[in-house]
Amino acid sequence: MNNHTQKGNIIINKAETVLLEAFMQDDTEALIDDTAFDTQRWQRYIEQEIGFILPTVQRKWLVNAVSQTALSYGLTVIQLWHQLPHNDELRQQLLDKVLIHESRFFRHVPSIEFVTNDALQHQRRQLVEGDTDDMFRIWSVGCASGQETWSLAMSLASKQLSNYAILGTDVSQQAVTTARLGQYDNRQQSLIPLRCQQFVQPLKPANATKEAGFNTASIEKNKVSSSCADWRIAPMLKPHVRFALHNIMDKKLPTPHLQKVIVCQNMLLYFRKFDQRDILARLSEQCALGGYIILAPGEALFWRPSNMRRIAHPQINAWQKISA
């Protein structure tokens, strides 16, 4: 792993840390004896599958993810290891447990404001040129449970923008399912700025739902998926947003469309430097001429692409595509 990563730049916010601790404590005594756990073999497997480098500090997290996946299928860890190459469902379940799905709304406000301003400028150019067919496309890479993607949609809609499409992708099926559902708890709502609270819609209690004539079977299914959700994303945003399962290490891209903005924040730090270069090269290919790639502050400081120029901005890490 590169020095930048080794110095602790894998950033896990306070909420994520709480989740990590809760997960590591859950049923710990029922799990395998982790002294016999081959950490390096499982770390290599995860890296081989999705490119992620799991640091030693997350060893307990990895042990529990492997153990709980095995237990949920009635397998030993050894049996799990031998079945993984032949069972895609088992593989996806393990990846879902290994990955951290937690994010938060408006995690990096300056980046969201930059994208929103660019979308406004795009709309003004369309009005002047009379070209309304050029969709403002955004790709949110490693979207986790959808908070970043929905934050972007809220911000654009709050400025009365409508000619936009946002794609959120993640390697975790569980995270993508949660993102599509678009239901969250009150803790997440408190992070949303006042101008975007109009896109928060409280969930109806079960009895109110029944009285209103909603499909209760569908509601119950969603309740299981959304756990302790208190509100949902306003339906008016959903036609502009799509989520897809995608491994960023795959050369096959999740969309044929060039993107005006690609947001890839707090994800590259989990990859080796040579993998980061490959990922960034693929993202730059999918970025439209004049478009932007926005990384987290401090990420990929080594990157010096000939077809991109770094934007001079005190708060964001943005690159503009200047040549094909």
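Residues numbered from 1 in each chain as written. Predicted model: local features only at pLDDT ≥ 70, side-chain atom pairs only at ≥ 80, totals over all residues. Heavy atoms only, no water.

K.L.:
What exactly am I supposed to notice about the overall build of the protein chain here?
P.N.:
Summing up its helical and strand segments, the protein chain has 13 helices and ten strands in all. Buried residues in the protein chain amount to 48% of all 324 residues. The long-range share in the protein chain, meaning contacts at least 24 apart out of those at least 6 apart in sequence, stands at 78%. Split by element, the accessible area of the protein chain, about 16,300 Å² in all, is 51% carbon and sulfur. (Helix = DSSP H or I, 4+ residues; strand = E, 2+ residues; numbered from the N terminus. Buried < 20%, exposed > 50% of the residue type's maximum accessible area, 1.4 Å probe, protein only. Contact = heavy atoms within 4.5 Å. Areas by Shrake-Rupley, 256 points an atom, 1.4 Å probe, with all protein chains shown as cover.)

K.L.:
How do you make sense of the sheet that holds strand β3 (residues 183–184) when you look at a structure like this?
P.N.:
Read from one edge of the open sheet, three strands run β3-β5-β4, paired in antiparallel fashion. This sheet does not close on itself; its edge strands, each paired only once, are β3 and β4 (200–202). (Pairing = 2+ DSSP bridges.)

K.L.:
Hey, could you run me through helix α3 (residues 39–50) in this one?
P.N.:
What sets the pattern is the α-helix's 3.6 residues per turn: residues three or four places apart point alike. When the terminal C-alpha atoms of α3 are compared, their 17 Å separation across twelve residues agrees well with the 16 Å that a helix rising 1.5 Å per residue should span. Among all positions of α3, only T39, W42, Y45, I46, E49 and I50 are buried. Buried residues of α3 fall within an arc of 130 degrees about the axis and therefore sit on the same side. Exposed residues on α3 whose side chains face more than 90 degrees from its buried face are Q40 and Q48. Contact partners of the buried residues in α3: α4 (59–72), α5 (77–83) and α6 (88–98). Downstream of α3 by a residue or two, G51 has a phi angle that is positive, lying close to 85 degrees. (Expected span 1.5 Å × (residues − 1). Arc of directions from axis to C-beta.)

K.L.:
In this structure, what is going on with the sheet that holds strand β2 (residues 164–170)? I would like to understand it.
P.N.:
Within a beta sheet, neighbouring strands are joined by backbone hydrogen bonds and run either parallel or antiparallel to one another. The strand order across the open sheet built from seven strands is β6-β2-β1-β7-β8-β10-β9, with neighbouring strands paired in mixed fashion. Edge positions in the open sheet fall to β6 (241–245) and β9 (308–310), since each of these has one partner strand only. For this sheet, the mean inter-axis angle between neighbouring strands, taken without regard to orientation, is 20 degrees. Taken together, the six bridges between strand β1 (residues 136–141) and β2 define a ladder with parallel strand orientation. Within β2, the position partnered with I138 by the bridge is I166. In the packing of helix α8 (residues 147–158) onto the sheet, the strands contacted are β1, β2, β6 and β7 (259–264), and the crossing angle to β2 comes to about 170 degrees. Strands β1, β7, β8 (287–295), β9 and β10 (317–321) of the sheet are contacted by helix α13 (residues 273–286), whose axis makes an angle of about 140 degrees with β8. (Axes fitted to C-alpha atoms, helices over the stretch in contact; angles between N-to-C directions.)

K.L.:
Help me understand the side chain of H240 in this model?
P.N.:
For H240, the location among the structural elements is in the loop between β5 (231–233) and β6. Of note is the side chain of H240, whose polar atom sits 3.3 Å from the backbone oxygen of S162. Among all residues touching H240, those that are not within four sequence positions of it are S162, Y164, A165 and I166. (Polar contact = N/O pair within 3.5 Å; in protein donor to acceptor, adjacent residues only side chain to side chain.)

K.L.:
Mind showing me how you'd approach the environment of E148 here?
P.N.:
Tracing the sequence through the fold places E148 in helix α8. Along the chain, E148 and A179 lie 31 residues apart, while their C-alpha atoms are 9.8 Å from each other. In this view, E148 contacts R104, S140, V263 and Q265; residues no more than four positions away in its chain are not counted. Within the structure, the side chain of E148 is placed 2.6 Å from the side chain of S140, a separation counted as a polar contact.

K.L.:
Please clarify how α4 should be interpreted in this entry.
P.N.:
Here α4 spans 20 Å end to end across 14 residues, near enough to the 20 Å set by a 1.5 Å rise per residue. Of all 14 residues that make up α4, ten are buried, and the element is covered over most of its length. Within the sequence span of α4, burial applies to W61, L62, V63, N64, A65, V66, S67, Q68, T69 and A70. Positive backbone phi, approximately 70 degrees, marks G74, located one or two places after α4.

K.L.:
How should the packing of aromatic side chains be read in this particular structure?
P.N.:
Aromatic ring pairs are defined here through the distance separating the ring centres and the angle between the ring planes. On inspection of all chains with the given rule, the structure shows twelve aromatic pairs. Ring plane angle 10 degrees and centroid distance 6.3 Å describe the contact between F37 and W42, whose orientation is recorded as stacked. By the burial criterion, F37 is buried, and W42 matches it. Residues F52 and F271 carry aromatic rings whose centres are separated by 5.0 Å and whose planes lie at 80 degrees to one another, so their mutual orientation is edge-to-face. Of this pair, F52 sits in the loop between α3 and α4 while F271 sits in the loop between β7 and α13; the two residues are 219 residues apart in sequence, bridging distant segments of the chain. Three or more aromatic residues joined by ring pairs make a cluster, and in this case those are F37, W42, Y45 and W81. Of note, R41 hangs over the ring of W81, and the distance from its end group to the ring centre comes to 4.2 Å. (Phe/Tyr/Trp six-rings, centres within 6.5 Å; stacked < 30°, edge-to-face > 60°. Lys NZ or Arg CZ within 6 Å of the ring centre and 35° of its normal.)

Purely geometric numbers; function is a separate question.
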